[in-house]
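Geometric and topological summary
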Amino acid sequence: MTDKMSVSREMFNDVMVPNYNPAAMIPVKGEGSRLWDQEGREYIDFAGGIAVNCLGHCHPAMVKAIQEQSQKLWHLSNVFTNEPAIRLAKKLTDATFADRVYFANSGAEANEAALKLARRWALEEHGEHKKQIIAFSKGFHGRTFFTVTVGGQPAYSDGFGPKPGAVEHVPYNDLEALKSLISDNTCAVMMEPLQGEGGVITPDADFVKGVRELCDQHNALLIFDEVQTGFGRTGSLYAYQQLGVTPDILASAKSLGGGFPIGAMLTTDAIAQHLKPGTHGSTYGGNPLACAVAEAVFDVVNTDDVLAGVKHREALVKEHLQRINDKYHVFDEIRGKGMLIGAALNEKFEGRARDFLQAGNAEGVMVLVAGPNVVRFTPSLIIPETDIVEGMKRFEQAVAKVAG
Ligand SMILES: *Cc1c(COP(=O)(O)O)cnc(C)c1O
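Per an unreviewed UniProt entry, the protein chain goes by Acetylornithine aminotransferase and derives from Idiomarina tyrosinivorans. What UniProt states about the protein chain under its Pathway (unreviewed entry) heading is, verbatim, "Amino-acid biosynthesis; L-arginine biosynthesis; N(2)-acetyl-L-ornithine from L-glutamate: step 4/4." On record in UniProt, under Catalytic activity (unreviewed entry), the comment for the protein chain is "N(2)-acetyl-L-ornithine + 2-oxoglutarate = N-acetyl-L-glutamate 5-semialdehyde + L-glutamate".

Below, the structure is given as structure tokens:
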């Protein structure tokens, strides 16, 4: 064994760019939905690496996949193809509307590919006038300059100089606003089928169908960003499968790799033809290690057992949050779907979501926020019920501290 340098949270401030402000402890080990920090303190993980660790930490099927692949082949580049990438693409296309897959390394990159493809499709099929991209306020699509511009949060997109043009926003769930903006010059509408980062905002019953109809009327592509909602998160492989609406392009990441970086853009045969050789690419996209892990995740997640389990756990988590709220009166609304749940704070606790996150850490439970007013829960899709019960016990103690 080589001796590794010992590190502390203080060192972060000396050696890292200050764009993050991580928690005071450093987790060092995880198993299922539990984590341990440097001091050996245990945490129940309701954060799931921000909707990434869909099978918890160190799931045996994922460990096996990475061990096996790590002894065969790590990287080739796209000068060559590889078996895990083709297998994963076959499984993704068999399980969805899509005929074709482009692999990337993150959600932002999958969305970047989606947007570039939409623009190229519009240019070649219709002409230069068809370039408008419409997206929704409070949307989040990643941190590249194009995706952050399409995302509806000026705090993330402003202050970096001139942005990519012809991108406009309307409020989510406001079909009339979309109707008055969309035209034959619209190239694509990009949306999350349930807004995650923006505050766990559920679409109204007919909203998504209405967006699809408007896109059809104006020959615009509908792009679903399922980076957070996808891969079982809401109880089906992708959220669109429960909405009665099919997108033209879909972006997947986060849970897709279960903790290994990978992104994918899915689309139809006809649209895919516009990404001709040389138009787009990525050194690591379709990396064999990433695809081998994602294939293992797919095989576990895309089963009736796991997907039905997500709905069962959703009910359980919501019951616990309701019970806690009946006692402490901190939430206005408990919402979301599957293992993507938001507890929106009431007026009295406005702007204090982070206090609940920090109090949770102190009590041994990890939760997330989604903006200043929503406490977010995105645990593993297979979190044991005993861990939900224990984690909620700890979260209740955290709520009692903040409320008291
Ligand atoms: C997290 C997220 C992204 C960005 O994914 P990265 O892997 O961080 O680039 C994009 N869209 C949605 C909906 C997300 O939740």
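Alright, that's what it looks like, and here's the rest.
Within this structure's numbering, the places UniProt gives as "modified residue: N6-(pyridoxal phosphate)lysine" (unreviewed entry) are Lys254. Assignment of secondary structure puts lysine 254 in the loop between β9 (249-252) and β10 (263-267). Excluding its chain neighbours within four sequence positions, the residues that come into contact with lysine 254 are Ile50, Ala51, Val52, Glu197, Val227, Gln228 and Ile262.

The next subject is the site of the ligand. Around the ligand, a shell composed of Ser106, Gly107, Ala108, Asn111, Phe140, His141, Gly142, Glu192, Asp225, Val227, Gln228 and Lys254 is seen. In the model, an oxygen atom of the ligand is placed 2.8 Å from a nitrogen or oxygen of the glycine 107 main chain. Note that an oxygen atom of the ligand is positioned 2.7 Å from one of the side-chain N or O atoms of glutamine 228. Bound to the protein, the ligand loses 82% of the 380 Å² it would expose on its own. When residues of the shell around the ligand are assigned to their parent elements, the largest contribution, three residues, is made by helix α5 (residues 107-125). Within the shell around the ligand, the residues separate by chemical class into three nonpolar, six polar and three charged.

We now examine the domain arrangement of the protein chain. One can read the domain layout of the protein chain as domain 1 (9-58 + 304-403) and domain 2 (72-301). On a C-alpha basis, the centroid separation for the pair domain 1 and domain 2 is 27 Å. Domain 1 puts 25 residues into the contact, and the matching count from domain 2 is 24 residues. Carbon and sulfur atoms supply 62% of the area that domain 1 and domain 2 bury against each other, a total of about 2,000 Å² over both sides. By the criterion of area lost to domain 2, the three top residues of domain 1 are Leu307, Lys337 and Leu340, representing 28% of everything that side buries. If you look at where domain 1 meets domain 2, you find one salt bridge. In this structure, glutamate 197 and arginine 376 form a salt bridge, with 2.9 Å as the shortest nitrogen-oxygen distance. On the surface where domain 1 and domain 2 come into contact, there are nine residue pairs in polar contact (both at pLDDT 80 or more).

Turning our attention to the side chain of asparagine 82. Mapped onto the elements, asparagine 82 comes out in the loop between α3 (60-70) and α4 (83-95). Polar contacts involving the side chain of asparagine 82 include one to the main-chain amide nitrogen of alanine 85, which spans 2.9 Å. There is a polar contact of 2.8 Å between the side chain of asparagine 82 and the backbone oxygen of glycine 286. Residues contacting asparagine 82, with those up to four places away along its chain left out, are Leu76, Gly286, Asn287 and Pro288.

Take the nonpolar core next. Counting residues in each nonpolar core, the largest one holds 78 residues, and the members touching the most others are Phe377 and Phe395. Residue assignment places this core across two domains, with domain 1 (9-58 + 304-403) and domain 2 (72-301) each supplying three or more. Dropping the residues within four chain positions of it, phenylalanine 377 is found in contact with Phe46, Leu321, Met339, Leu340, Ile341, Ala343, Val367, Met392 and Phe395. Judged by nonpolar contacts, the second largest core, of 22 residues, contains Ala113, Ala114, Val167 and Leu221.

Let us look at the packing of aromatic side chains. For the structure shown, the criterion picks out twelve aromatic pairs. Both rings, one in phenylalanine 231 and one in phenylalanine 298, keep their centres 6.1 Å apart while their planes meet at 55 degrees; by these two values the pair is tilted. Note that phenylalanine 231 is positioned in the loop between β8 (221-225) and β9 and phenylalanine 298 in helix α11 (residues 288-301), a separation of 67 residues in sequence. For the residue pair phenylalanine 231 and phenylalanine 298, the accessibility class agrees, reading buried in each case. Aromatic ring contacts, followed pair by pair, group Phe46, Phe377 and Phe395 into a single cluster. In this structure, arginine 143 is placed above the aromatic ring of tyrosine 156, and the distance from its NZ or CZ to the ring centre is 3.9 Å.

Criteria and cut-off values
- Residues numbered from 1 in each chain as written.
- Predicted model: local features only at pLDDT ≥ 70, side-chain atom pairs only at ≥ 80, totals over all residues.
- Heavy atoms only, no water.
- UniProt positions renumbered as here; feature names shortened; annotations may be inferred.
- Helix = DSSP H or I, 4+ residues; strand = E, 2+ residues; numbered from the N terminus.
- Contact = heavy atoms within 4.5 Å.
- Near = heavy atom within 4 Å.
- Polar contact = N/O pair within 3.5 Å; in protein donor to acceptor, adjacent residues only side chain to side chain.
- Areas by Shrake-Rupley, 256 points an atom, 1.4 Å probe, with all protein chains shown as cover.
- Nonpolar A, V, L, I, M, F, W, Y, C, P; charged D, E, K, R; others polar.
- Domains from an automatic or database assignment.
- Buried area = accessible area lost by both parts, 1.4 Å probe.
- Salt bridge = Lys/Arg side-chain N within 4 Å of Asp/Glu carboxyl O.
- Core = buried A, V, L, I, M, F, W, Y, C linked by side-chain atoms within 4.5 Å.
- Buried < 20%, exposed > 50% of the residue type's maximum accessible area, 1.4 Å probe, protein only.
- Phe/Tyr/Trp six-rings, centres within 6.5 Å; stacked < 30°, edge-to-face > 60°.
- Lys NZ or Arg CZ within 6 Å of the ring centre and 35° of its normal.

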